[in-house]
Amino acid sequence: MRASDLLHPRPEGLYCPPGDFFIDPVRPVNRALITHGHSDHARSGHRSVLATQQTLDIMGLRYGEDFAGTTQAAQLGEAIALDGVSISFHPAGHVLGSAQIAVEHQGTRIVASGDYKRQKDATCAPFEPIACDVFITEATFGLPVFRHPPDTEEIARLLKSAAQFPERSHLVGAYALGKAQRVMRLLRDAGYDRPIYIHGALARLSEYYQSQGIELGTLEPATVEGGKQDFAGAIVVGPPSAFADRWARRFPDPISCFASGWMRIRQRAKQGGVELPLIISDHADWDELTATIKETGAEEIWVTHGREEALVRWCELEGIAARPLHLVGYEDEGD
Ligand SMILES: [Zn+2]
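Note that the structure is a prediction, hence the values are computed from the model and not measured. (Residues numbered from 1 in each chain as written. Predicted model: local features only at pLDDT ≥ 70, side-chain atom pairs only at ≥ 80, totals over all residues. Heavy atoms only, no water.)

**Some words on the pairing of strand E2 (residues 13–16)**
- Pairing between strand E1 (residues 8–10) and E2: three bridges, direction antiparallel. Across the sheet, residue His8 finds its bridge partner in E2, namely Tyr15.
- Here E1 hands over to E2 after two residues, the two strands then running antiparallel side by side.
- Here E2 folds back onto strand E3 (residues 21–23), and the loop between the two strands holds four residues, one of which, Asp20, carries a positive phi near 50°. (Pairing = 2+ DSSP bridges. Helix = DSSP H or I, 4+ residues; strand = E, 2+ residues; numbered from the N terminus.)

Here it is, written out as structure tokens:
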């Protein structure tokens, strides 16, 4: 069977004709397989959804329990048959519950990675390379300029700044699903034991992470109606959007920080008024992308959302067939 007969792009998303399902569809469909809970991949309104239990839980928290007609939880590593097509989910190391989806039919195996990273992350299961004929990779940071430093170094810079300016507050912008909890966990693993103050938009997901055994320590709402002095020396975590509005003004002489792979680009940090950029990403950097492609042993690479061209070119130079998939509708909320 030709790989493109097993999976190919449609306006709704990546479609599998023999199994009659879509992976991460951007429009409502009958049968959706979902890699992870970020809003550009996990949308509400499908008739049925197959995903890991944690991704289903996260969708329920974000969209309400009626986000789909029916749901089925996939166990990691367990094969499920859909109209003769064998499906299995494998950890992607991106955010809690994130999974790659392996699709196998008549001797051809394609792995759709969804979003993934290889850096160690205590808040989710590590990426597992799966041998396959075709590997579908993201390319959010698919340029050689993107090399993420160790996240522990970035957190050490945050803690150093907090120690240096005990009268100021540090506002850390971090996406609500995954990045925020990872930042908090990194702070705890670095020995920070004071309460961490969080924006309301992070409360339910952070609570969910803790219910799944991801220790985040004492979290307190950053909404105390006391004086500004309450937050002197505090570390406050919130979604990046919150720092643009009035909410941010309650804190004393704040230092604006942002945890994102884009912080590698100094100009981008500057434009966003970020004083302390933290290069912490939930996506693979250039070295992780190229190493992963080699590890899968795939003869063919399909590249989705991001900077497709450089990665396609790299594959060609390595003698690996590659092409961009041109899927639309993915703008990762969790970079
Ligand atoms: Zn994502």
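**Some words on the nonpolar core**
- Among the nonpolar cores identified, the biggest contains 33 residues, and Leu158, Leu187, Ile235 and Val237 are the most heavily contacted of them.
- Put simply, the parts of the chain that give this core at least two residues each are helix H3 (151–164), helix H4 (179–189), strand E13 (196–198), helix H5 (203–211), strand E15 (235–238), strand E16 (255–259) and strand E17 (276–278).
- With five residues, the single largest contributor to this core is H4.
- Taken domain by domain, this core gets at least three of its residues from each of domain 1 (3–145 + 283–324) and domain 2 (151–278).
- Sequence-distant contacts of Ile235, defined by excluding residues within four places in its chain, comprise Leu158, Leu159, Ala162, His170, Val172, Leu187, Tyr192, Ile196 and Tyr197.
- In this structure, Leu6, Phe89, Val103 and Val134 belong to the second largest nonpolar core, which totals 27 residues. (Core = buried A, V, L, I, M, F, W, Y, C linked by side-chain atoms within 4.5 Å. Buried < 20%, exposed > 50% of the residue type's maximum accessible area, 1.4 Å probe, protein only. Domains from an automatic or database assignment. Contact = heavy atoms within 4.5 Å.)

**A look at the domain arrangement of the chain**
- Under the domain assignment used here, the chain contains domain 1 (3–145 + 283–324) and domain 2 (151–278).
- Of note, the centres of domain 1 and domain 2, computed from C-alpha atoms alone, are 30 Å apart.
- The partner domain 2 presents 17 residues to the 20 residues of domain 1 that form the contact.
- The junction of domain 1 with domain 2 conceals about 1,600 Å² of combined surface from both sides, 65% of it contributed by carbon and sulfur atoms.
- Across the domain 1-domain 2 interface, the total number found is one salt bridge.
- We note a salt bridge from Asp121 to Arg182, for which the minimum N-O separation is 4.0 Å. (Buried area = accessible area lost by both parts, 1.4 Å probe. Salt bridge = Lys/Arg side-chain N within 4 Å of Asp/Glu carboxyl O.)

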